[in-house]
Amino acid sequence: MRTKKFGFTLAEVLITLGIIGVVAAMTIPTLISNTNSAKFKSQYKKTLSTLNQAALMGTAQYDLDYASITTKCGTSGGTEKPDVTASMCALINGTLSGATYYSSAATMKVPGTSKAYTINGTAAVAKTAMVAYQLADGSVVAFDSGIASCTLAPGTPVTDASLPATCRGFIDVNGPTLPNKEVKCSSAAGKVASSVGTCIVRNNAADMGDIFPVVFHDGTVEPITDAARYVLNQSK
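All values reported here derive from a predicted model rather than from experimental measurement.

*Asks:* In this structure, what is going on with the state of the cysteines? I would like to understand it.
*Replies:* Covalent bonding between the sulfur atoms of two cysteines defines a disulfide. This structure, assessed with the given rule, holds three disulfides. Residue Cys 150 pairs covalently with Cys 167 via a disulfide, S to S 2.0 Å. Negative torsions about the S-S bond denote left-handed disulfides, and the value of about -95° found for Cys 150 with Cys 167 makes this one left-handed. Within this pair, whereas Cys 150 is found in the loop between strand S3 (140-143) and strand S4 (168-172), its partner Cys 167 is found in the loop between S3 and S4, the two being separated by 17 residues in sequence. For the pair shown, Cys 150 and Cys 167 are each scored as buried.

*Asks:* Got a minute to help me understand the sheet that holds strand S2 (residues 131-134) in this structure?
*Replies:* What holds strands together in a sheet is hydrogen bonding between their backbones, with the strands either parallel or antiparallel. If you trace the six strands from one edge of the open sheet to the other, you get S1-S2-S3-S4-S5-S6, paired in antiparallel fashion. In this open sheet, the two edge strands, each paired with only one partner strand, are strand S1 (100-102) and strand S6 (220-223). Strand-to-strand twist across the sheet, computed as the mean angle between neighbouring axes with direction ignored, equals 25°. Note: strand S5 (residues 211-217) against S6, four bridges, orientation antiparallel. When the bridges of S6 are listed, Val 215 appears paired with Glu 222. Lying on the sheet, helix H2 (residues 88-95) is in contact with S1, S2, S3 and S5; it crosses S2 at an angle near 5°.

*Asks:* Would you take a moment to explain the environment of Ser 145 for this structure?
*Replies:* With respect to the element layout, Ser 145 can be found in the loop between S3 and S4. In this structure, the C-alpha to C-alpha distance between Ser 145 and Ala 129, residues 16 residues apart in sequence, is 8.5 Å. Sequence-distant contacts of Ser 145, that is, excluding residues within four places in its chain, are made with Lys 72, Cys 73 and Val 131.

About the criteria used
- Residues numbered from 1 in each chain as written.
- Predicted model: local features only at pLDDT ≥ 70, side-chain atom pairs only at ≥ 80, totals over all residues.
- Heavy atoms only, no water.
- Disulfide = S-S within 2.5 Å.
- Helix = DSSP H or I, 4+ residues; strand = E, 2+ residues; numbered from the N terminus.
- Buried < 20%, exposed > 50% of the residue type's maximum accessible area, 1.4 Å probe, protein only.
- Pairing = 2+ DSSP bridges.
- Axes fitted to C-alpha atoms, helices over the stretch in contact; angles between N-to-C directions.
- Contact = heavy atoms within 4.5 Å.

Take a look at the structure:
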């Protein structure tokens, strides 16, 4: 008697593998985008908290916060001390241990290359000419060299006109590592924050970047673009 054997033909196996490959090609980029978005959002919140704590510590120890800054960072900004100089560099030096000073973000290098740090795409706020610090966790905080007297009346919303442009800066949540792209609204390039925002940021490489524009004032740091504000509100 003959025993009948059952199995898949080579053609059937190849077709199945092809289908699996197509499905993987369609879903893996989405999974990667979602993973990166979650990581960027988490680090964004953490760095904002770190900067707010720095202001509290500066006020308690040196009577210095973002509103009481009166002096630009000098040529030796990395060594300025908050009990001597009322500069943004001095505030960071005195409150954030392990932070590395850069006279401008452009002097940083993309890891594994000799290329200078650049910002990809159209940026509403972030500029490589801004003074930068790389924090101990690898994130980068940058700010305008002319930051001074950044104060906002209580109850006043953060808008394009409510604070000087010199009070702006940005957070790059993964440092000089790519993509080095400012987060933007899905329907626009990422306008500076308005009192009524209609921005939505999708979890894709086109909209979700690793750079989040912020504004420094009084004892706090807040998002200054609608896109950065949207991401913070969605991740709370």
